Amino acid sequence: MARGKLRIYLGAAPGVGKTYAMLAEAHRRAERGTDCVVAFVEHHGRPRTELLLHGLETVPRGRLGHRGGSFEEMDVDAVLRRAPAVALVDELAHTNVPGSRNTKRWQDVEELLAAGIDVVSTVNIQHLESLGDVVESITGVRQRETLPDEVVRRADQIELVDMSPQALRRRMAHGNVYQPDKVDAALSNYFRPGNLTALRELALLWVADRVDEHLNAYRSEHRVSRIWGSRERIVVGLTGGPEGRTLIRRAARLAEKGAGGEVLAVYIARSDGLTAASPKELALQRTLAEDLGGTFHHVVGDDIPAALLAFARGVNATQIVLGSSRRKAWQYVFGPGVGATVARESGPDLDVHIVTHEEVAKGRGLPVARGSRLGRGRIVAGWAAALAGPAVLAVLLNTVDLGLANDMLLFLAVTVAAALLGGLLPALASAALGSLLLNFFYTPPLHRLTVSDPRNIVAIAIFFGVGMAVASVVDLAARRTHQAARLRAESEILSFLAGNVLRGETSLDALLERVRETFAMESAALLERAGDLEPWTCAGRAGLGPPLERPEDADVDMPVGDHMALALTGRVLPAEDRRVLAAFAAQAAVVLDRSRLKAEADRAGALAEGNRIRTALLAAVSHDLRTPLAGIKAAVSSLRSDDVAWSEEDRAELLEGIEEGADRLDHLVGNLLDMSRLQTGTVTPLIREIDVDEVVPMALVGVPEDSVLLDVPETLPMVAVDPGLLERSVANLVENAVKYGPPGRRVTVSASALVDRVEVRVVDRGPGVPDDAKDRIFEPFQRYGDAPRGAGVGLGLAVARGFAEAMDGTLTAEDTPGGGLTMVLSLRAARPRPERPGTARGTEEQERQPQ
């Protein structure tokens, strides 16, 4: 049978019109021919809501008794028998009267949905469990009735019923929500304008978050990469400098201006080391972002503007906040900078904010590092110096005669400048061009490419060699700086992984999400298989990309052993990134193994607990088995002895001892077998209807006469139990009560009916049990106080509770008024109890009582 669909009308406060909207929807469906019934709707005396109930079929409510009163609740069985297409169930967070089928009304609704019945219900935002503390801080009232958020999130449809605070207060003032005698108190307390505005904002944001989940799922399913500005998401680009805190605060203020705004701070660790960020400063900025309700992300990218834009589009951001450049004015000759590049390439979907700060134009306080290439701006400048520098210098030297030595030094200076700017190749070009110009213009014979003096040949060769050496040193320094920058970024990541290994904190999903963010990928998945010919299965994944069936389908795959691989989709990673990816892959395998080992440890713990119970069992029964066996053996040996002529009285006493020992052994072995069945889950009760007064007297066989006072009326309803299990439970309870009761005080066994339950009470006048020990006495091998070994192995109460729960009953301990202990065995009645007259009134929710 297909599961029914749940539609919820969500409101910010009582009185906004949720029930009215639900009934109006029912009338619309009924007019279209849909079979709709009212399972439970409370109109609270509101005339318009009550009017909408006319014309809709109403399922009769069930009536329950509690504490001398009579209450109405939804009759789940009646609704299931009626089996409508749609059932209307008001107040989803309502707590049912004790004794009802389920504790909460949303659990009743789950039964209807499981039966294929569509349900339309209502709930207020303050009843969501996750918002309990927030609502209490706003209104000063702790919500007594809540339901898990997941119940509402699983709804197929959620419709927000909204009303402005002013309109709701007018409705209340007109008497459309509460009775006139409650209006003033409600308006002055719970329904103040500030409270209603805050609750309304909570409702709107909660619904917006759920809509956002559906939007992300849709974008992933349809592979939509273009930004949809459905809500404000602000990405803050951080460099690791002190201005980052200013940017985060500015972004937080921007987010506050739009409802549901979100701040994502991102630091991009460039592989060629654009900045050597301070780890301490980044830690402060991470804390600040999280304190302001945002998130912090660490991404590795070769091109900072491209990586920043890719991250922003990946999270569907609408704005980017960057700081004004800290570069000096002369440094702009090497390029426009990150801010200008991002603004130029952001497109029409992304707004870029350039925020001023105190560090503007003060220069970078941290060393600038370049990669294997020195950057496009420096390379262009280097080639310009290499090609234009010697030519310009030659023109200038033609106007003045400084001598060949000075000319060579000047050309060497131009070569060194080209090497410092552009590296090896521009320096080589400058050295070659400078050598030609020196030979042509300044080395005799002039204006010819020949050299007459051998010393000039040596000078030109030295000039060319010095130029090459300087260029090589500059290029080597650049490469070492690039390696240092990459190693710094890698060390941060490896330090993160090592810390997680030591602490065991990161889950597999969180680690895969970190992989995806670090390398700016669409998705990351850990695939595994049992053997070379077995299909691949996904052990965990993060991101919104399509699921992968094989590592070969991914853009990047990193093997982990023979039968595991880390697969990423989004782009192809450069070779130097695979070393860090390998560390992530190894860590993912470790995390997966750890989770599986933990599961194995839990199972081993359960086995160890079983062994502990068996060990305790052997230790506990060693004396209790030997004592009756020794007594029986001694009595039998005495009776069989021919040396003594036993009188009839002695013979009867010995036989009585044998019988008592056998009964004690039978009781002990029975409890052990029963506990074994409970531990292994093999207790299968044979439920049938029977009168309590037929079973309870049978349980008293074996207890001393005149030790029990029986009070079980014959007019009690029948109970649905297993007679054998019930008899054993009551017998154990009575035996325990007689054992610990004072001599001369009889144990009372009584029974009474309560709503749809029948309670059997075993009352003693013994020492009683403290409140903190009332649950422990039902654990196996527990003896109260200093009870001796002969008092039993401590299984009687554990077996009694286990049998009670197997029959859908409960067993609890209460204090006896005047001293002692009362065991309350609650059983399910076979048929409902006749209704008692009373006032039908359901439990009142918070929203029915103005605070």
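Residues numbered from 1 in each chain as written. Predicted model: local features only at pLDDT ≥ 70, side-chain atom pairs only at ≥ 80, totals over all residues. Heavy atoms only, no water.

Turning next to unusual backbone geometry. In this structure, E91 is a non-glycine residue whose phi angle is positive, near 55°. Inspection of the secondary structure puts E91 in the loop between β6 (86-89) and α4 (105-114). Non-glycine residue D808 carries a positive phi angle of around 65°. You can see D808 is positioned in the loop between α23 (796-806) and β23 (810-815). (Helix = DSSP H or I, 4+ residues; strand = E, 2+ residues; numbered from the N terminus.)

Moving on, we come to the nonpolar core. One finds L88, L112, L147, F191 and W206 to be the most contacted residues of the largest nonpolar core, which totals 64 residues. Examining the composition of this core, we find that 6 residues originate from one element, helix α9 (residues 193-221), more than from any other. Excluding anything up to four places from it in sequence, L112 contacts M74, V76, V79, L80, A87, V89, I117 and V119. (Core = buried A, V, L, I, M, F, W, Y, C linked by side-chain atoms within 4.5 Å. Buried < 20%, exposed > 50% of the residue type's maximum accessible area, 1.4 Å probe, protein only. Contact = heavy atoms within 4.5 Å.)

A word on the side chain of T122. Considering the arrangement of structural elements, one finds T122 in strand β7 (residues 118-124). Reaching out from T122, the side chain makes a polar contact with the side chain of D90 at a distance of 2.4 Å. Other than its neighbours up to four places away in sequence, T122 contacts Y9, K18, T19, M22, V89, D90, E91 and L92. (Polar contact = N/O pair within 3.5 Å; in protein donor to acceptor, adjacent residues only side chain to side chain.)

Moving on, we come to the packing of aromatic side chains. Applying the stated criterion across every chain yields a total of 0 aromatic pairs. Above the ring of F40, the side-chain terminus of R61 is found at 4.0 Å from the ring centroid. The side chain of R801 reaches across the aromatic face of F778, ending 3.9 Å from its centre. (Phe/Tyr/Trp six-rings, centres within 6.5 Å; stacked < 30°, edge-to-face > 60°. Lys NZ or Arg CZ within 6 Å of the ring centre and 35° of its normal.)

The next point concerns the packing of helix α22 (residues 723-740) against α23. One can describe the packing of α22 onto α23 by two numbers: an axis separation of 9 Å at closest approach and a directional angle of 150°. With respect to their mutual orientation, α22 and α23 come out roughly antiparallel. Considering only the axes of α22 and α23, their crossing is left-handed. Each of L725, R728, S729, N732, L733 and N736 in α22 lies in contact with α23, whose residues at this interface are G796, L797, V799, A800, F803 and A804. (Axes fitted to C-alpha atoms, helices over the stretch in contact; angles between N-to-C directions. Parallel < 35°, antiparallel > 145°, perpendicular 65-115°, else oblique. Left-handed = near helix turned anticlockwise from the far one by under 90°.)

A few words now on empty space enclosed by the protein. Scanning the model with the defined rule gives 3 cavities of 30 Å³ or more in all. The volume enclosed by the second largest cavity comes to roughly 50 Å³. For the second largest cavity, the full set of lining residues is A12, A13, V16, M163, S164, P165, L168, L196 and R200. Secondary-structure elements contributing two or more residues to the lining of the second largest cavity are α7 (165-173) and α9. Taken together, the residues of the lining of the second largest cavity sort by class into 7 nonpolar, 1 polar and 1 charged. (1 Å grid on protein atoms, 1.4 Å probe; cavity = no way out; pocket = protein on both sides within 12 Å on 5 of 7 lines; lining within 4 Å. Points joined across faces, edges and corners; volume = space filled by probe spheres on them. Nonpolar A, V, L, I, M, F, W, Y, C, P; charged D, E, K, R; others polar.)

What follows is about the sheet that holds β23. Pairing between the strands of a sheet is mediated by backbone hydrogen bonds and can be parallel or antiparallel. The sheet built from 5 strands is open, its strands ordered β19-β21-β22-β24-β23 with mixed pairing. Two strands bound the open sheet, and with one partner strand each, they are β19 (708-711) and β23. When the angles between neighbouring strand axes are averaged without regard to direction, this sheet yields 20°. As paired strands, β23 and strand β24 (residues 821-828) are joined by 6 bridges and run antiparallel to one another. Bridge assignment links A813 to a residue of β24, and that residue is M823. Of the strands in this sheet, β19, β21 (747-754), β22 (757-763), β23 and β24 touch α22, which is tilted by about 170° from β24. Of the strands in this sheet, β23 and β24 are in contact with α23, which crosses β23 at around 130°. (Pairing = 2+ DSSP bridges.)

It is worth spelling out the sheet that holds β6 at this point. If you walk across this open sheet you meet the 6 strands as β3-β2-β6-β7-β1-β8, and the pairing is parallel. Whereas interior strands pair on both sides, the edge strands pair on one side only; in this sheet they are β3 (57-58) and β8 (157-161). Across 4 bridges, β6 lies against β7 in parallel orientation. Considered in β7, the bridge of V89 is made with S121. Across the sheet, helix α1 (residues 18-31) lies against β1 (6-11), β2 (36-40), β6, β7 and β8, angled at about 145° from β1, the strand it touches most. Taken strand by strand, α4 contacts β1, β2, β6 and β7, and its axis lies near 180° from that of β6.

Here we take up the pairing of β7. Judged by how many residues are buried, β7 sits mostly within the fold: 6 of 7 residues are covered. Looking at chain direction, β1 and β7 are connected through 6 bridges and run parallel. Its bridge partner lying in β7, Y9 is registered against T122. In the classification by handedness, the crossover that spans β6, the intervening α4 and the parallel β7 is right-handed. (Right-handed = clockwise from strand over helix to strand, strands pointing away.)

In total, this model carries 26 salt bridges according to the counting rule given. Here K774 and D815 are joined by a salt bridge, their closest N and O atoms 2.8 Å apart. Of this pair, K774 sits in the loop between β22 and α23 while D815 sits in strand β23, and the two are 41 residues apart along the sequence. Residue classification places D815 among the partly exposed positions, given a relative accessible area of 44%. Through salt bridges with shared partners, a single network forms among R7, E25, R28, R29 and E159. (Salt bridge = Lys/Arg side-chain N within 4 Å of Asp/Glu carboxyl O.)

In short, the description is geometric, and any link to function would need to be established separately.
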